[in-house]
Amino acid sequence: RPHLRPPPLPFSTSCVRRSKNRRLRQKRVVSERQLTRYFVDHRRLRVVGGRGGDGGHSFHSEPRKIFGGPDGGNGGDGGQVILKADQQMKSLSSVLPFYQGFHGQRGGRKNCYGANGAYVYVKVPVGTLVKEDGKVVADLSQHGEEYVAAYGGAGGKGNRFYLSNENRAPMLFTPGEPGQERVLHLELKTTAHAGLVGFPNAGKSSLLRAISRAKPAVAAYPFTTLNPHVGIVHYQDYEQVAVADIPGLIKGAHQNKGLGVSFLKHIERCRFLLYVVDLSVSQPWIQLQDLKYELEQYQKGLSERPRVVIGNKIDLPESRLNLPLLKGQIDERVIALSALTGDNLEELFLHLRELYDTYVKTEESRGQSPVKW
């Protein structure tokens, strides 16, 4: 009778096929709608330090030495909860709403001290602000930087601690103290060298796709990008410039209209700005004026950072007519390019490197270390 099914593949071939399918499943593209569920830039966090161990209560006794005196040891201290900045973390989505340190152990006999509770480390992205009651208590802006969110309680004293000439057999011992309890608010501000600022459908996401390997969503409707994306521009001398795609702003964004203040805060960390203007619309310089106004209303002096104006969509006929009008209306340098066709991207790469080198020299002159990716 003929086989209805094909013969099984050899073991090595089937293993290769299974591993290939597994890799394909791991590399599947996550849509922008799904990505918004994973990207979290604020989190309310309740932290409690570990409780200290109780002091020991015992008296030493052995043959021929019945009244050996008190020998209860002290309890161990409770563990701390520590926030640690990690450059591998890109979102606060993995941060749980509650953390508690490990408790200290109770003091033992023969004057044995209890072990201290283990520390609990919470990894957060670089650029995380820690706030308590509306006040900033920590700014984790460097990789490996730590902040003690909650201290553990002190361990109790054993009866050995209270031994004195007046009291040779103390019965007193103290319990461990409870750990510190706090409610913190974590706020993530994207740390990038350059920030793409523009109105919806100006071509910011397309431009980031053209100059880096980032894959933000691109579509012909406004507010396609719902959360910031960071792309890395690589140079031949192994320098890397991080460019952040900030979701599109609208008039009144400083009043929390549109995506509003929740994404204006991501521009604060950018060292220099790239204003992306759509050259195909009439009077494109009005876009630049409105963008600067929104940034100034949000934070004084934010719009005056080192900047360059990028005139996008130069491949359209109306854009070529509006380009000389734009240059005549503003004083900033204008780089006309097309993110769709890749025209004149070289000029943007060169000027982006000039802005980065100026930033590095400025930070080194101040004795500070520049942000590296």
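In this text, all values refer to a predicted model and were calculated from it rather than measured experimentally.

Analysis parameters
- The residue count restarts for each chain, going from 1 along the sequence in the order it is written.
- With pLDDT at 70 or above as the cut-off, local features in this predicted model cover only qualifying residues; side-chain atom pairs require 80 or more to be listed or tallied, and sums for whole chains, interfaces and linings still use all residues.
- The side-chain figures draw on all heavy atoms in the structure; neither hydrogens nor water molecules are used.
- The way it works is that DSSP assigns letters per residue, a run of H or I at least four long becomes a helix, a run of E at least two long becomes a strand, and they are numbered from the N terminus.
- The rule is simple: take the accessible area with a 1.4 Å probe, protein chains only, and divide by the maximum for that residue type; under 20% is buried, over 50% is exposed, in between is partly exposed.
- For the purposes of these results, a polar contact is taken to be a pair of N or O atoms within 3.5 Å, where, inside protein, one atom must be able to donate a hydrogen and its partner to accept one; residues adjacent in sequence count only when each atom of the pair is a side-chain atom.
- Contacts between residues were defined by any pair of non-hydrogen atoms, one from each residue, lying within 4.5 Å.
- We define a salt bridge as a contact between a side-chain nitrogen of Lys or Arg and a carboxyl oxygen of Asp or Glu at a distance within 4 Å.
- Any two strands between which DSSP finds at least two bridges are classified as paired.
- All axes are obtained by fitting lines to C-alpha atoms, using only the stretch in contact for helices, and the reported angles, taken between N-to-C directions, cover 0 to 180 degrees.
- Working definition: a ring pair exists when centres of Phe, Tyr or Trp rings (six-membered ring for Trp) sit within 6.5 Å. Plane angles under 30 degrees give stacked, over 60 give edge-to-face, the rest tilted.
- In our convention, an over-ring charge means Lys NZ or Arg CZ found within 6 Å of a ring centre and within 35 degrees of that ring's normal.

Peer 1: Would you mind showing me how to read the side chain of Glu-187 here?
Peer 2: Position of Glu-187 among the secondary structure elements: in strand S8 (residues 181-188). Residue classification places Glu-187 among the buried residues on the basis of a relative accessible area of 16%. Only 3.2 Å separates the side chain of Glu-187 from the side chain of Lys-131, close enough to count as a polar contact. Setting aside chain neighbours within four positions, we find Glu-187 in contact with Asp-41, His-42, Leu-92, Gly-127, Thr-128, Leu-129, Lys-131 and Lys-265.

Peer 1: What's the story with unusual backbone geometry in this structure? I'm lost.
Peer 2: Trans is the prevailing form of peptide bonds, just as negative phi is the prevailing case for residues other than glycine. Of note in the backbone geometry, Asp-133 takes a positive phi value of approximately 55 degrees without being a glycine. Here Asp-133 falls in the exposed class, since its relative accessible area comes to 73%. Residues other than glycine seldom take positive phi values, yet Tyr-238 does so here, at roughly 70 degrees. Tracing the sequence through the fold places Tyr-238 in the loop between strand S10 (229-234) and strand S11 (240-245).

Peer 1: How should I be thinking about the pattern of salt bridges in this particular structure?
Peer 2: Think of it this way: side chains of opposite charge can pair up when their charged atoms draw near. What the rule picks out here adds up to 13 salt bridges. For Glu-332, the salt bridge identified is with Arg-307, shortest N-O distance 3.4 Å. Taken together, the positions of Glu-332 in the loop between helix H6 (317-329) and strand S14 (334-336) and Arg-307 in strand S13 (residues 307-312) put the pair 25 residues apart, joining distant regions of the chain. Glu-332 sits in the buried class, given a relative accessible area of 16%. In the salt-bridge network here, residues are joined through shared partners; they are Lys-292, Glu-304, Arg-307 and Glu-332.

Peer 1: Would you take a moment to explain the pairing of strand S2 (residues 81-86) for this structure?
Peer 2: Consecutive side chains of a regular strand alternate in pointing toward one face of the sheet and then the other. Burial of S2 is extensive: five of the six residues sit out of reach of the surface. Pairing between S2 and strand S4 (residues 120-125): six bridges, direction parallel. Looking at S4, one finds that Ala-85 is bridged to Val-124. By the bridge criterion, four bridges tie S2 to strand S7 (residues 146-150) in an arrangement that is antiparallel. In the strand pairing of S7, Lys-84 is matched with Glu-146.

Peer 1: I tried to follow the sheet that holds S8 on my own but got confused; where do I start?
Peer 2: Adjacent strands of a sheet form backbone hydrogen bonds with each other and so pair up, either parallel or antiparallel. As summarised here, the arrangement of the five strands in space is S3-S1-S8-S5-S6, forming an open sheet in which the pairing is mixed. Two strands lie at the open edges of the sheet, namely strand S3 (98-100) and strand S6 (135-140), each paired on one side alone. Ignoring strand direction, the axes of neighbouring strands in this sheet form an average angle of 30 degrees.

Peer 1: Honestly, the sheet that holds strand S12 (residues 272-278) in this entry has me stumped. Any pointers?
Peer 2: Read across the sheet, six strands follow the order S10-S11-S9-S12-S13-S14 without closing on themselves; strand pairing throughout is mixed. Both outer strands of the open sheet, S10 and S14, are each paired with one neighbouring strand and no more. Looking at each pair of strands side by side, their axes are set apart by 25 degrees on average, direction ignored. Those strands touched by helix H3 (residues 204-211) are strand S9 (194-197), S10, S11, S12 and S13, and its axis lies near 160 degrees from that of S11.

Peer 1: I'm lost on the packing of aromatic side chains in this one. Help?
Peer 2: In this description, an aromatic ring pair is defined by two values, namely the gap between the centres and the angle between the planes. Under the definition given, this model contains two aromatic pairs. Relative to Tyr-162, the ring of Phe-161 lies with its centre 5.2 Å away and its plane at 90 degrees, an arrangement referred to as edge-to-face. Under the relative-accessibility criterion, Tyr-162 is labelled partly exposed at 26%. Judged by centre distance (6.5 Å) and plane angle (50 degrees), the rings of Tyr-356 and Tyr-359 are tilted. With a gap of three residues between them, Tyr-356 and Tyr-359 both fall in helix H7 (residues 345-365), about one helical turn apart. Accessibility expressed as a relative area gives 9% for Tyr-359, which makes it buried. The ring of Phe-161 carries Lys-157 above its face, with NZ or CZ at 5.0 Å from the centroid. Its guanidinium or amino end placed over the ring of Tyr-235, Arg-353 lies 5.1 Å from that ring's centre, counting from NZ or CZ.

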